[in-house]
Amino acid sequence: MIDGIQERLAAVRRRIEAAAARSGRPNSAVTLVAVSKTMPAAAIREAVSAGVKILGENRVQEAREKIEALPGAAEWHLIGHLQTNKAKLAVSLFDCIHSLDSVRLAQELGRHAEEAGRRLCCLVEVNLGEEAQKSGVDAAEVRPLLEAARRLPQLSVQGLMTIPPFLPGPESVRPFFRRLRELRDRLEAEGWTLPDLSMGMSHDFEVAIEEGATLVRIGTAIFGSRG
């Protein structure tokens, strides 16, 4: 599993650069989040030594064990659902939370960030597919959540995140990525500052970049199959 990480990472970076060029943006406009969930520390060390700067985890407890084992290795982003009772621990572990999805969670994160004396980067997760089994707010709920977060000085909402429905072929999810960008653009026209769009994974990140992604969350294409 560890074999080939450097080569796969290089291939992913080439694909990111090509997709960014197709969208008329420089390679530097797209940030790679290497998704290390379920990966052992040895594989993560290999990825970091190959140049990975940001690691993404789905679960707080699993991430805690890795962060303690790999102090200072990289930035850590939480990309999975966050329960409010894990907010304090998440604030102590992560540099950015991609899955802000309720006013209550925003309040808990803000409270614990204030206690920790830090400002916390967050992205609002939007459930564009309106899938009951997935986290995230409906598009109509984004603005009220942003307004609530703006009243919490320890939170810095930097943009939006989405996980589209799993559909065959990357072109089939392009409309969801486009909708997230259009939603962000409408909000920015109202005066919100939301530079980041976290969207795209191993099977569809090139289409996401073409539609404006600034953060892509890629695991399998770097680390290999988790099976």
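Residues numbered from 1 in each chain as written. Predicted model: local features only at pLDDT ≥ 70, side-chain atom pairs only at ≥ 80, totals over all residues. Heavy atoms only, no water.

Caption draft 1: The arrangement of the packing of helix 1 (residues 5–22) against helix 2 (residues 41–49) in detail. Their axes nearest at 9 Å, the elements helix 1 and helix 2 cross at an angle of 50°. In terms of orientation, helix 1 and helix 2 fall into the oblique class. Where helix 1 crosses over helix 2, the two elements pack in a sense that is right-handed. Seen from helix 1, the contacting residues are Ile5, Gln6 and Leu9; seen from helix 2, they are Ala43, Glu46 and Ala47. Class assignment of the residues belonging to the contact of helix 1 with helix 2 gives a composition of 4 nonpolar, 1 polar and 1 charged. (Axes fitted to C-alpha atoms, helices over the stretch in contact; angles between N-to-C directions. Helix = DSSP H or I, 4+ residues; strand = E, 2+ residues; numbered from the N terminus. Parallel < 35°, antiparallel > 145°, perpendicular 65-115°, else oblique. Left-handed = near helix turned anticlockwise from the far one by under 90°. Contact = heavy atoms within 4.5 Å. Nonpolar A, V, L, I, M, F, W, Y, C, P; charged D, E, K, R; others polar.)

Caption draft 2: Spatial organisation of the side chain of asparagine 127. Position of asparagine 127 relative to the elements: it lies in the loop between strand 5 (120–125) and helix 6 (142–150). We classify asparagine 127 as buried; its relative accessible area is 6%. In terms of polar contacts, asparagine 127 uses its side chain to reach the backbone carbonyl oxygen of lysine 134, at 3.4 Å. Ignoring anything within four residues of it in the chain, the contact list for asparagine 127 reads Lys134, Ser135, Gly136, Val137 and Asp138. (Buried < 20%, exposed > 50% of the residue type's maximum accessible area, 1.4 Å probe, protein only. Polar contact = N/O pair within 3.5 Å; in protein donor to acceptor, adjacent residues only side chain to side chain.)

Caption draft 3: Structural detail: the state of the cysteines. Inspection of every chain in the model, using the stated rule, returns 1 disulfide. At a sulfur-sulfur separation of 2.2 Å, the disulfide partner of cysteine 96 is cysteine 121. One disulfide, between cysteine 96 and cysteine 121, carries an S-S torsion of -45° and so falls in the left-handed class. Taken together, the residues cysteine 96 in strand 4 (residues 96–100) and cysteine 121 in strand 5 connect sequence positions 25 residues apart. By relative accessible area, which is 4% here, cysteine 96 ends up buried. Note on cysteine 122: no disulfide assigned, nearest cysteine sulfur contributed by cysteine 121 at a separation of 6.4 Å. (Disulfide = S-S within 2.5 Å.)

Caption draft 4: Spatial organisation of the pattern of salt bridges. Throughout the structure, instances matching the rule amount to 14 salt bridges. For glutamate 62, the salt bridge identified is with lysine 66, shortest N-O distance 2.7 Å. Highlighted residues: glutamate 62 and lysine 66, both in helix 3 (residues 60–69), separated by 4 residues, approximately one helical turn. When its relative accessible area of 9% is taken as the criterion, lysine 66 is described as buried. Arginine 111 is the salt-bridge partner of glutamate 108, the closest N and O atoms lying 2.9 Å from each other. (Salt bridge = Lys/Arg side-chain N within 4 Å of Asp/Glu carboxyl O.)

Caption draft 5: Molecular detail of unusual backbone geometry. Look at threonine 38: it is not a glycine, yet its phi comes out positive at around 65°. Its place among the elements puts threonine 38 in the loop between strand 1 (31–35) and helix 2.

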